[in-house]
Amino acid sequence: MQKKQHTSMSNFSYRKDEDIDEDELLASLTGEELQELEKIMAIEPDEIPAGLRQDNQTSRRATGTFSRDALLKYWENETNRSIEDSMDEGQTDKDEACGTEEPVDNEDKRQQHDRGHKQRGEAKSSNQNTTDLSDHNSNVDKGGWKPNGTGKRVLHHTDSNLTVTPERQSDIDKILEKILSNDASVISVNLNNIENISQAVLVSFANALISNTQVEVFSLANTHADDQVAIALAKMLERNRRITNLNVESNFISGKGILALIGSLQHNTTLLELRFHNQRHICGGQVEMEMVKLLGENTTLLKLGYQFDLPGPRMSATGILTRNQDRQRQRRLEQRRQRDNLENTSS
């Protein structure tokens, strides 16, 4: 008769394909092991946190109980200290740059902040098809109003002598009169970065361009244009058949004005490039989806100066512009074939 071998819980083992005999396992436990097992089985798992459902098996000495309030207080103190350090560094740099300059009040700080935002608006443009904006300083020449050439390029591939960039109110009035008289010497109007130009004046320019057949480029970036100006420009695009480039970047146009501009493209077949990026108001996902829906009904726009936030409308707009570019390429090839056929026939 074989001697029964005692097997404790610590050295009991079995293969995975074997059935466990619970009675045999319990019979092999010692009294101390049975007491330990009863103690473990008596605890309901839902009554204690997950981290305390088994004995602590670490040898490290406890550093104390967790305190959420203490942790949040620590984070808050660290954040405040970082902000104070950055403000102190900025103040030190400002004092070194300004010397003994007198401190400014809150109104001056607000004006400086607005000027900083405006400068950022002047420099910022869309990531796609980026073109530098021309400066608002200008001079007078015999060929008309033109940039002084000290800064940036003109927003179109046209002769700079035909680009008007006003600086004073009298210059603006003269340019408006030339547009109303359909002056052939003015094919590009640049109102970028002009300060203190009223919305009524911008609306007057839009209304004057309705019947104009000479101006091809109209740019009014960073002029504080709002929805009133955008709606006037939309009405102009519905009837104008000459403008190929419109730039209203860095203004105060909301989704309502943007949708009006894009909606007018259903009745326009000459505009090739439209820019309205970097507005003070965020368009939002709903407006972007409506923009793509309206944009799909236009077949001639080739460049869109706007960075979509949502990937879906961005991809759809890219597909629409690619489709329009392919159609334009096909039209050019067809025109070239027709011209070649006429030449062969005449010869």
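Residues numbered from 1 in each chain as written. Predicted model: local features only at pLDDT ≥ 70, side-chain atom pairs only at ≥ 80, totals over all residues. Heavy atoms only, no water.

Draft legend 1. Representation of the overall build of the chain in the model. When helices and strands are counted, the chain shows 10 helices and 8 strands. Classification of the 347 residues of the chain by burial places 33% in the buried group. Partitioning the contacts of the chain with sequence separation of at least 6, the portion at a separation of at least 24 is 73%. When the accessible surface of the chain is summed, it comes to about 23,100 Å², and 48% of that surface belongs to carbon and sulfur atoms. (Helix = DSSP H or I, 4+ residues; strand = E, 2+ residues; numbered from the N terminus. Buried < 20%, exposed > 50% of the residue type's maximum accessible area, 1.4 Å probe, protein only. Contact = heavy atoms within 4.5 Å. Areas by Shrake-Rupley, 256 points an atom, 1.4 Å probe, with all protein chains shown as cover.)

Draft legend 2. Here's a closer look at the pattern of salt bridges. Scanning the entire structure with this criterion turns up 6 salt bridges. When the shortest N-O distance is used, the salt bridge between R337 and E334 registers 2.7 Å. Here the residue R337 and the residue E334 both occupy positions in helix 10 (residues 311–346), the gap between them amounting to 3 residues, near one helical turn. (Salt bridge = Lys/Arg side-chain N within 4 Å of Asp/Glu carboxyl O.)

Draft legend 3. Looking closely at a nonpolar patch on the surface. A contiguous nonpolar surface patch, about 340 Å² in accessible area, is contributed by L72, Y74 and W75. Within the secondary structure, Y74 sits in helix 3 (residues 68–98). Overall, Y74 belongs to the partly exposed group, its relative accessible area being 47%. (Patch = residues over 30% accessible without salt bridge, like charges linked within 9 Å, V, L, I, M, F, W, Y side chains within 5 Å.)

Draft legend 4. Spotlight on the nonpolar core. In terms of nonpolar packing, the biggest core is built from 52 residues, with F205, F218, L220, L233 and L246 touching the most fellow members. Counting residues per element, the ones that place at least two in this core are helix 5 (169–180), helix 6 (199–208), helix 7 (227–239), helix 8 (255–264), helix 9 (285–295) and helix 10. With 7 residues, the top contributor of residues to this core is helix 7. Setting aside its immediate chain neighbours within four residues, F218 contacts V189, L191, F205, L209, L233, I243, N245, L246 and N247. (Core = buried A, V, L, I, M, F, W, Y, C linked by side-chain atoms within 4.5 Å.)

Draft legend 5. Main features of the side chain of Q279. With respect to the helices and strands, the residue Q279 is situated in the loop between strand 7 (273–275) and helix 9. Side-chain polar atoms of Q279 contact the backbone oxygen of V248, separated by 2.8 Å. Of note is the side chain of Q279, whose polar atom sits 3.1 Å from the backbone oxygen of F276. When sequence neighbours within four positions are dropped, the list of residues in contact with Q279 reads V248, E249, S250, N251, F252 and I253. (Polar contact = N/O pair within 3.5 Å; in protein donor to acceptor, adjacent residues only side chain to side chain.)

Draft legend 6. A negative patch on the surface, seen in detail. Side chains of D21, E22, D23 and E24 sit close together on the surface and give a patch of like negative charge. Its location among the elements puts E24 in helix 1 (residues 22–27). (Lys, Arg positive; Asp, Glu negative; His and termini not counted. Charge placed at Lys NZ, Arg CZ, Asp CG, Glu CD.)

Draft legend 7. Representation of the packing of aromatic side chains. In total, this model carries 3 aromatic pairs according to the counting rule given. Taking 6.2 Å as the distance between ring centres and 20° as the angle between the ring planes, the aromatic pair formed by F205 and F218 counts as stacked. Here F205 is found in helix 6, whereas its partner F218 is found in strand 5 (residues 217–219), with 13 residues between them in sequence. The same class applies to F205 as to F218, namely buried. Where Y306 meets F308, the ring centres are 4.9 Å apart and the plane angle is 90°; that geometry is what we call edge-to-face. With respect to class, Y306 is no different from F308; both count as buried. Grouped by ring-pair contacts, the aromatic residues F276, Y306 and F308 constitute a single cluster. (Phe/Tyr/Trp six-rings, centres within 6.5 Å; stacked < 30°, edge-to-face > 60°.)

Draft legend 8. Seen up close, the side chain of E273. Structurally, E273 is set in strand 7. In terms of polar contacts, E273 uses its side chain to reach the side chain of N245, at 2.8 Å.

Draft legend 9. Spatial organisation of the confidence of the model for the chain. Chain-level statistics for the chain give a pLDDT mean of 77 and a share of 67% at 70 or above. In this model, residues 1–10 is a region of pLDDT below 50 whose contacts with residues beyond four sequence positions or in other chains number 10 contacts. (pLDDT = per-residue confidence, 0-100.)

Draft legend 10. Looking closely at the packing of helix 7 against helix 8. The N-to-C vectors of helix 7 and helix 8 enclose an angle of 5°; their axes lie 8 Å apart at closest approach. As the angle between them shows, helix 7 and helix 8 are arranged roughly parallel. Mapping the contact onto sequence places D227, A230, I231, L233, A234, L237 and E238 in helix 7 and K256, G257, A260, L261 and S264 in helix 8. Among the residues forming the contact of helix 7 with helix 8, the class breakdown is 7 nonpolar, 2 polar and 3 charged. (Axes fitted to C-alpha atoms, helices over the stretch in contact; angles between N-to-C directions. Parallel < 35°, antiparallel > 145°, perpendicular 65-115°, else oblique. Nonpolar A, V, L, I, M, F, W, Y, C, P; charged D, E, K, R; others polar.)

Draft legend 11. Just helix 6, in detail. Within helix 6, 7 of the 10 residues are buried, leaving the element largely enclosed by the surrounding structure. Looking at helix 6, one finds that the buried residues are Q199, V201, L202, V203, F205, A206 and A208.

Draft legend 12. Structural context of the environment of R275. By the element assignment, R275 lies in strand 7. Sequence-wise, R275 and A221 are 54 residues apart; in three dimensions their C-alpha atoms are separated by 9.1 Å.

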